[in-house]
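# Survey of secondary and tertiary structure
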Amino acid sequence: MNWLQYVRLIALSIGALCGIIELSLGAHLLSLTEKYFDGYLNFEALSVAVGGLTMITLPIMIVIDFLRTGAVTSLVVVELVWLSILWVLWLAAGALIANQTGDAFASCDFVSTILSQACNETHALEGFAFLGWLDLMIYTIILLIVALVNNARNTPIWTSSIKQLPSVIASRSPTAAAAPSSSDPGGVTQPTYPHSAPAAGQYPMQQYQQPPSQQQQQQPYGTPAPPQGPGYAPVPTGSPATVGGYSTTGYPQV
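To start, this report covers the structure provided alongside it.

Conventions adopted
Residues numbered from 1 in each chain as written. Predicted model: local features only at pLDDT ≥ 70, side-chain atom pairs only at ≥ 80, totals over all residues. Heavy atoms only, no water. Helix = DSSP H or I, 4+ residues; strand = E, 2+ residues; numbered from the N terminus. Buried < 20%, exposed > 50% of the residue type's maximum accessible area, 1.4 Å probe, protein only. Polar contact = N/O pair within 3.5 Å; in protein donor to acceptor, adjacent residues only side chain to side chain. Contact = heavy atoms within 4.5 Å. Axes fitted to C-alpha atoms, helices over the stretch in contact; angles between N-to-C directions. Parallel < 35°, antiparallel > 145°, perpendicular 65-115°, else oblique. Left-handed = near helix turned anticlockwise from the far one by under 90°. Nonpolar A, V, L, I, M, F, W, Y, C, P; charged D, E, K, R; others polar. Core = buried A, V, L, I, M, F, W, Y, C linked by side-chain atoms within 4.5 Å. Salt bridge = Lys/Arg side-chain N within 4 Å of Asp/Glu carboxyl O. Expected span 1.5 Å × (residues − 1). Phe/Tyr/Trp six-rings, centres within 6.5 Å; stacked < 30°, edge-to-face > 60°.

Moving on, we come to the side chain of S116. Along the chain, the position of S116 falls in helix 4 (residues 113-152). Residue classification places S116 among the buried residues on the basis of a relative accessible area of 14%. Only 3.2 Å separates the side chain of S116 from the backbone oxygen of F110, close enough to count as a polar contact. The residues touching S116, leaving out its near neighbours within four places in the chain, are C108 and F110.

Following this line, the structure appears as structure tokens:
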């Protein structure tokens, strides 16, 4: 799991917990006002609705992501849209509670225990409403930034789930595509060749070949090849060791 998966799991878990608490407190306040005041306030109904939606949808998104990879509920674009709707509803619920009960429940010092209990529960309802708003909004902003960065690096993740990402932020490509030069208005890249023609005044290099040695030269036609043996040593023609074709090396000189 990458770090964004841990952030997602923590954010959705906190959001689901806030939804459960909001639904419970809102339903209890709704029952108190209907019982003792024959009616209910608008923020109570909104709190119950927002808490119920959050409590149902967020655990489903967590469980489906664990069981199945690439599900529709786990796509980045789906999460961005739905969580944005939820945190707007959470913000509206918190603002409505603060607007309708700010003056009446500024202090919970009431003689009636019913009013004191309703005041305390209203403050808790307001606090969890703003907590759920901050939790989902922060995660949505992080997910949106990650998606925009990946999209800028030509690796869009809008239709993928976080679970499918090899890395949260894709690395830049080591070789970028070459842009067409100004001398090529058509935008067609000219091919390059490994060998180019020699410049003016230059000649192509030729490989030097060593001439054959004297021993490798061919004997003249009609001249028999001298015998070669283990103790044979050739005597050059015309040397002082031969006179008239006879060897003088075997006779003493006078």
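Structure's up, so let's keep going.
Moving on to the packing of helix 1 (residues 3-36) against helix 4. Closest axis-to-axis distance for the helix 1/helix 4 pair is 8 Å, and the angle between their directions is 155°. In terms of orientation, helix 1 and helix 4 fall into the roughly antiparallel class. The hand of the helix 1/helix 4 crossing is left-handed. For the contact of helix 1 with helix 4, the per-class residue count stands at 23 nonpolar, six polar and four charged.

This part is about the nonpolar core. L58, V76, L83, W90 and L143 are the most contacted members of the largest nonpolar core, which totals 26 residues. Where this core is concerned, the elements lending two or more residues are helix 1, helix 2 (42-67), helix 3 (76-101) and helix 4. Sort the elements by how many residues they give to this core and helix 4 lands first, with eight residues.

Let us now look at the side chain of D65. Within the secondary structure layout, D65 lies in helix 2. The exposure class assigned to D65 is buried, which follows from its relative accessible area of 10%. Beyond its immediate stretch of four places on either side in the chain, D65 contacts R8, S74 and K163.

On to the pattern of salt bridges. Within this structure, the stated rule accounts for two salt bridges. Close ionic contact of D65 with R8 constitutes a salt bridge, the shortest N to O distance being 3.5 Å. Separated by 57 residues along the polypeptide, D65 in helix 2 and R8 in helix 1 bring together distant segments of the chain. A salt bridge links R8 to E79; the nearest nitrogen and oxygen atoms lie 2.6 Å apart. Taken as a pair, R8 in helix 1 and E79 in helix 3 lie far apart in primary sequence, 71 residues in all. With respect to class, R8 is no different from E79; both count as buried. Each of R8, D65 and E79 takes part in a single network of salt bridges with overlapping partners.

Okay, helix 3 next. End to end, helix 3 covers 37 Å across 26 residues, agreeing with the expected 38 Å (1.5 Å per residue, within 8%). Residues of helix 3 that are buried: V76, E79, L80, L83, L86, W90, A93, G94, I97 and T101. Those residues of helix 3 hidden inside the fold are in contact with helix 1, helix 2 and helix 4.

What follows covers the packing of aromatic side chains. Two descriptors summarise a pair of aromatic rings, namely the distance from one centre to the other and the angle between the planes of the rings. Counting across every chain of the model gives one aromatic pair. Centre to centre, the rings of F130 and W133 are 6.2 Å apart; their planes meet at 70°, and the pair counts as edge-to-face. Residue F130 and its partner W133 are both found in helix 4; the two are separated by three residues, about one turn of the helix. Since its relative accessible area comes to 26%, F130 is described here as partly exposed.

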